[in-house]
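# Structural characterization, general
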Amino acid sequence: MIRVVLPPHLRTLARVEREVTLEVEGPVTQRSVLDALEARYPMLRGTIRDHVTQRRRPFVRFFACEEDLSHESPDAPLPDAVATGAESF
Amino acid sequence: MSRVRVLVGTRKGAFVLEADGKRDRWDVSGPHFGGWEMYHLKGSPADPSRLYASQATSWFGQLIQRSDDGGKTWEPVGNQFVYDGATGTHLWYDGTPHPWEFARVWHLEPSPTDPDTVYAGVEDAALFRSTDGGKTWRELPGLRTHESAPCWQPGAGGMCLHTILLDPSDPERIFIAISSAGTFRSDDAGTTWRPINRGLVSEQIPNPTAEVGHCVHRIAMHRSRPGVLFMQKHWDVMRSDDAGESWHEISGNLPSDFGFPIDVHAHEPETIYVVPIKSDSEHYPPEGKLRVYRSRTGGHEWEALTKGLPQRDCYVNVLRDAMAVDALDACGVYFGTTGGQVYASADAGDSWTPIVRDLPAVLSVEVQTLP
């Protein structure tokens, strides 16, 4: 189970509380987490990453385990603590 | 008794203002989408409960919201605006080629006959259409791929397609305006386009009478006479009596012919309204006096409308999409300011009252007249 904390505007848009939980099949990466997030909450498509290029919108940042992971490859494994649900993404 | 619903887009959310036909007591709801820039909201003429809204921030990009109950509840619909085919380049501010990049939706224009059909004017300038209530959007690429497009250049606010006029008498005819390319017309429902800027004179561009390159701020028509167009250009108020084939200046005795909005009285096609602004470098009213100017003669002769409007120390602006009229017997006129006021006149402009005074900067005002 992956825990994702969304910024306030996206919580309002998706009509969720601060944190959502997702099941991710296979490797836990930025891409797989965002794929699962957008599948569950389709209204978030285009707000975090571009519809076509799938690149992170410039002002959006990805944090986990007190690290800024925004510039990591979208296919790089996220920290184990995120993959196990101990820490949120 | 008829009612009116005023849809207000601001820098930090949307507001819905409603009153009965007297228009003296208003219910205000909002902010809807608080914290987001709401460039434009507009209702479907075919189904007044159907509203469309353009919602954006530079953080999270573009969203389109749809309401099917007159603005009480909203649902996000499609927000994928992808240019059709190779995007090509236009000119950047420094004169170098710059690839077309989608930034935001400036204007939404619902079809007069089909609630599910709506047009979107976007930055960088292009026209999109949805025929499924906003779920999916397709570009009408004939405009962006016009032979003049590589020479289009942004105005100070970006290269935006900000005005869409659908000819009520001819479903094949569409007028649009782009800052700062000018005005274009399609006679085949948006497939092909041609510039209609003959008669415009813009001293700010290398060739003041060029076919394209004019910073048109707004065009307006009266639905009973779709061949007569009125224009507020960067400088100059203009008129065309031949569907844009040629334009002539009607600025007359205005204290300044710079401004942004222009609109037409609901029942008097020769009565038009503008809000003079001091200059292109000083975006506030001349002499600190907020005055709407009305011409009852289709231009040239203008009268200042001041009753109820601040006549000293007023330095707000009125943006291009921030004026509208209702269709009640005594035509109501409405406009919003960058200072957050929305003013209403229930007597065609003779007197004004603020409906609200302290909203975020107003980007757009539209009015629905409801049974």
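It is worth spelling out the pattern of salt bridges at this point. All names here are of chain B. If you walk through the whole model with that rule in mind, you get 34 salt bridges over all chains. Across the salt bridge formed by arginine 3 and glutamate 18, the nearest N and O atoms sit 3.1 Å from each other. Residue arginine 3 is located in strand S1 (residues 3-10), and its partner glutamate 18 is located in strand S2 (residues 13-20); the two are separated by 15 residues in the primary sequence. On the basis of relative accessibility, which here comes to 35%, the residue arginine 3 falls in the partly exposed class. We classify glutamate 18 as partly exposed; its relative accessible area is 23%.

Moving on: the side chain of glutamate 37 of chain B. Of note, glutamate 37 of chain B is situated in strand S4 (residues 37-43). Of note is the side chain of glutamate 37 of chain B, whose polar atom sits 2.8 Å from the side chain of arginine 11 of chain B.

Across a sheet, paired strands are connected by hydrogen bonds in the backbone, their directions being either parallel or antiparallel. Residues and elements named next belong to chain B. Here four strands make up an open sheet; going across it, the order is S18-S19-S20-S21 and the pairing antiparallel. Either end of the sheet is taken by a strand with one partner, and the two such strands are strand S18 (216-222) and strand S21 (248-249). Two strands pair when backbone bridges link them, and S18 and strand S19 (residues 225-233) are joined in this way by six bridges, in the antiparallel orientation. The residue bridging methionine 221 from the neighbouring strand is leucine 229, located in S19.

Time to look at unusual backbone geometry. Residue and element names in this part refer to chain B. Omega for the bond connecting glycine 30 with proline 31 falls within 30 degrees of zero, at 0°, which places this linkage in the cis form. Its location among the elements puts proline 31 in strand S3 (residues 27-32). Look at the link from serine 179 to serine 180: it is a cis peptide, with omega at 0°. Mapped onto the fold, serine 180 is located in the loop between strand S15 (174-179) and strand S16 (182-186). Even without being glycine, histidine 300 reaches a positive phi, approximately 70°. Assignment of secondary structure puts histidine 300 in the loop between strand S24 (292-295) and strand S25 (303-305). Positive phi, normally seen in glycine, also occurs at aspartate 313, with a value near 55°. Along the chain, aspartate 313 falls in the loop between S25 and strand S26 (323-325). Given the relative accessible area of 57%, aspartate 313 is considered exposed.

The rules behind each value
- Residues numbered from 1 in each chain as written.
- Chains lettered and ligands numbered in written order.
- Predicted model: local features only at pLDDT ≥ 70, side-chain atom pairs only at ≥ 80, totals over all residues.
- Heavy atoms only, no water.
- Salt bridge = Lys/Arg side-chain N within 4 Å of Asp/Glu carboxyl O.
- Helix = DSSP H or I, 4+ residues; strand = E, 2+ residues; numbered from the N terminus.
- Buried < 20%, exposed > 50% of the residue type's maximum accessible area, 1.4 Å probe, protein only.
- Polar contact = N/O pair within 3.5 Å; in protein donor to acceptor, adjacent residues only side chain to side chain.
- Pairing = 2+ DSSP bridges.

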